[in-house]
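# Reading the structure
Residue-level listing of the chains:
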Amino acid sequence: MSTEKPVSTEKLTPTPGQTVGPFFGYALPFEKGGELVPAGSPNSIKLHGTVFDGNGAPIPDALVEIWQADSNGNIPNETGSLVRDGYTFTGWGRTPVGNTGKYVFSTVNPGPTEPGKAPFFAVAVFARGLMNRLFTRVYLPEDTEALENDALLSSLEPARRKTLIAERLADGSLHWDIRLQGEDETVFLDFHAEG
Amino acid sequence: MGEPVKSSDAAADNQAIVSQEIRDIEEGYRAARAAGQPAEVQPRVDYPPYRSSILRHPTKSLHHADPETIELYSPAFGHQDVHALESNLTIQHGGEPLGERMVLRGKVLDGNGRPVAGQLVEIWQANSAGRYIHKRDQHPAPLDPHFTGVGRCITGPDGSYEFLTIKPGAYPWKNHLNAWRPAHIHFSLFGTEFTQRIVTQMYFPGDQLFPLDPIYQSIVDQDARERLVARYNHDLTSPEWALGYEWDIVLTGPKRTWTENEAYGEQGDDEH
């Protein structure tokens, strides 16, 4: 870009978030939103789980978004997530949970973005009753050495760390539940010192 | 958790009870500010006056993390994703929707004041009677066959967005007895990195329901919640056509530096 402007050092105060509310269902979900790759296609995997509240009850009106590297660890820069052509990997997906709180993505295992890095999905969670979006991560369980060396995971107690690591089921799928509150509450992340 | 949790849809308490809770929390915040605590710029996730938040907020504090790799980039959106006509919510059916036609315009900026170009903006809203097209919204206000209430656009090179829509009505909900949401438009926004993702609501100036609404009041800082209120702009109003409102959105961050940002290239297919 030739039109580089002087960068102001003055920080603007961010606009506050608000709950996604109960009525996003006709607005935010879109066809094949959860299919980063066509379901059942070669090398596709299922990332799935349930969103729970503080009583351990499934939440029927939550929305989950994932953003990930491709299977080689490259960060996608492709448009077309909202109108998928069936071939382009955009790395981003969005799906509402069903009536029983379950979400499903069809995608690929993210690769390590650098040698030795533990691969993970970046996740954003939205729900009625949740005042602001929550960020978290879900890691692939296989590379135990990379998980040991991961900066975020090694800053967590073992009991909390395991809330961020998916379980690989016999069918090859990744199972990962999201608990907004309670004993096994998922670790949610603050990137901006929002408190 | 001492008290038994009330059902979020029970409408068990009246407005006076909820308003008292709102005032108590605000007084506590003012006292904390007076004692030197920093301003709170985001809503409280633990805000009991909004009953359905009680079981749905994390009780452990958010874990500070430095964003890494994928989190320092954002998904790309462009004209493969969004048609130009999707920013006009008044032409999605066979006729004109009822209500006050309005133009809504603004900019998406990052925390350094730089425009967020070529990114996705999504909105959704009730119709002019305060009714959503959603099976869960069963309050007896009319649906408008000419209005769905969903719009999208891609920001321009200067971070600008613009929608043509109708002003939404207030709508009743069951948080407590006689609970009414101030008129609002839901917004979903992306920045240049994943850490900037935000969903929020835009309100209209001078709404008498502001002090009564636990969702608006979950932002306990007056200056912070006023950042969600659009500005009426008569210069943007078109004669015999539409009222004009303006609302700019500032995202948090970014955490990535400008140099890396440039090296990565352009977002979407709009920024040329």
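Residues numbered from 1 in each chain as written. Chains lettered and ligands numbered in written order. Predicted model: local features only at pLDDT ≥ 70, side-chain atom pairs only at ≥ 80, totals over all residues. Heavy atoms only, no water.

The name an unreviewed UniProt entry assigns to chain A is Protocatechuate 3,4-dioxygenase, from the organism Sinomonas humi.

Attention now goes to the overall build of chain A. Counting secondary structure elements, chain A contains three helices and ten strands. Traced from its N-terminal end to its C-terminal end, chain A shows the element sequence β-β-β-β-β-β-α-α-α-β-β-β-β. Compactness check: chain A gives a C-alpha radius of gyration of 18 Å against a globular reference of 16 Å for 195 residues, within 12% of the reference. With the principal axes as the frame, chain A shows a C-alpha extent of 55 × 40 × 35 Å. (Helix = DSSP H or I, 4+ residues; strand = E, 2+ residues; numbered from the N terminus. Rg over C-alpha atoms; globule rule 2.2 N^0.38 Å.)

A word on the interface of chain A and chain B. Taken together, the contacts link 81 residues of chain A with 92 residues of chain B. At the boundary of chain A with chain B, total buried surface from both sides reaches about 7,700 Å², with 58% on carbon and sulfur atoms. Of all residues in chain A, the largest losses of buried area upon contact with chain B belong to Gln18, Phe23 and Tyr26 of chain A, amounting jointly to 11% of the total for that side. At the junction of chain A and chain B, the tally comes to six salt bridges. With a shortest N-O distance of 2.6 Å, glutamate 65 of chain A and arginine 197 of chain B are connected by a salt bridge. At the junction of chain A and chain B, the tally comes to 39 residue pairs in polar contact (both at pLDDT 80 or more). Elements with a contribution of two residues or more to the side of chain A that touches chain B: β2 (62-67), β3 (92-96), β5 (120-127), β6 (134-139) and β10 (189-190) of chain A. Looking at the side of chain A that touches chain B, the element that brings in the most residues is β5 of chain A, giving six residues. Here the side of chain A that touches chain B is built from residues that sort into 40 nonpolar, 22 polar and 19 charged. Bridging between β10 of chain A and strand β1 (residues 63-64) of chain B involves two bridges; their strand directions are parallel. Looking at β1 of chain B, one finds that aspartate 190 of chain A is bridged to histidine 64 of chain B. (Contact = heavy atoms within 4.5 Å. Buried area = accessible area lost by both parts, 1.4 Å probe. Salt bridge = Lys/Arg side-chain N within 4 Å of Asp/Glu carboxyl O. Polar contact = N/O pair within 3.5 Å; in protein donor to acceptor, adjacent residues only side chain to side chain. Nonpolar A, V, L, I, M, F, W, Y, C, P; charged D, E, K, R; others polar. Pairing = 2+ DSSP bridges.)

In total, this model carries 21 salt bridges over all chains according to the counting rule given. One continuous salt-bridge network, built from bridges that share partners, spans Glu65 and Arg94 of chain A together with Glu122 and Arg197 of chain B.

This paragraph deals with the sheet that holds strand β4 (residues 150-154) of chain B. Residues and elements named next belong to chain B. Spatially, the four strands line up as an open sheet ordered β4-β3-β8-β9, and their pairing is antiparallel. Two strands in the sheet have a free side with no partner beyond their single neighbour: β4 and β9 (198-203). Averaged over all adjacent pairs, the angle separating strand axes in this sheet is 20°, with direction ignored. In the sheet, strand β8 (residues 184-189) pairs with β9 via six bridges, with the strands oriented antiparallel. Its bridge partner lying in β9, isoleucine 185 is registered against methionine 202. (Axes fitted to C-alpha atoms, helices over the stretch in contact; angles between N-to-C directions.)

In the structure shown here, the tally under the stated rule is 22 aromatic pairs over all chains. Relative to phenylalanine 187 of chain B, the ring of phenylalanine 163 of chain B lies with its centre 6.5 Å away and its plane at 85°, an arrangement referred to as edge-to-face. Of this pair, phenylalanine 163 of chain B sits in strand β5 (residues 160-166) while phenylalanine 187 of chain B is found in strand β8, placing the two residues 24 residues apart along the sequence. Accessibility expressed as a relative area gives 1% for phenylalanine 163 of chain B, which makes it buried. With a centroid separation of 4.9 Å and 70° between ring planes, the pair formed by phenylalanine 187 of chain B and tryptophan 247 of chain B is classed as edge-to-face. Here the residue phenylalanine 187 of chain B occupies a position in strand β8, and tryptophan 247 of chain B occupies one in the loop between β11 (243-246) and β12 (249-250), the gap between them amounting to 60 residues. With respect to class, phenylalanine 187 of chain B is no different from tryptophan 247 of chain B; both count as buried. Members of the aromatic cluster, each reached through a chain of ring pairs, are Phe23 and Tyr26 of chain A together with Tyr132 and Tyr171 of chain B. Its guanidinium or amino end placed over the ring of phenylalanine 120 of chain A, arginine 137 of chain A lies 4.2 Å from that ring's centre, counting from NZ or CZ. Cation over ring: lysine 167 of chain B sits above phenylalanine 204 of chain B, and NZ or CZ is 5.0 Å from the ring centre. (Phe/Tyr/Trp six-rings, centres within 6.5 Å; stacked < 30°, edge-to-face > 60°. Buried < 20%, exposed > 50% of the residue type's maximum accessible area, 1.4 Å probe, protein only. Lys NZ or Arg CZ within 6 Å of the ring centre and 35° of its normal.)

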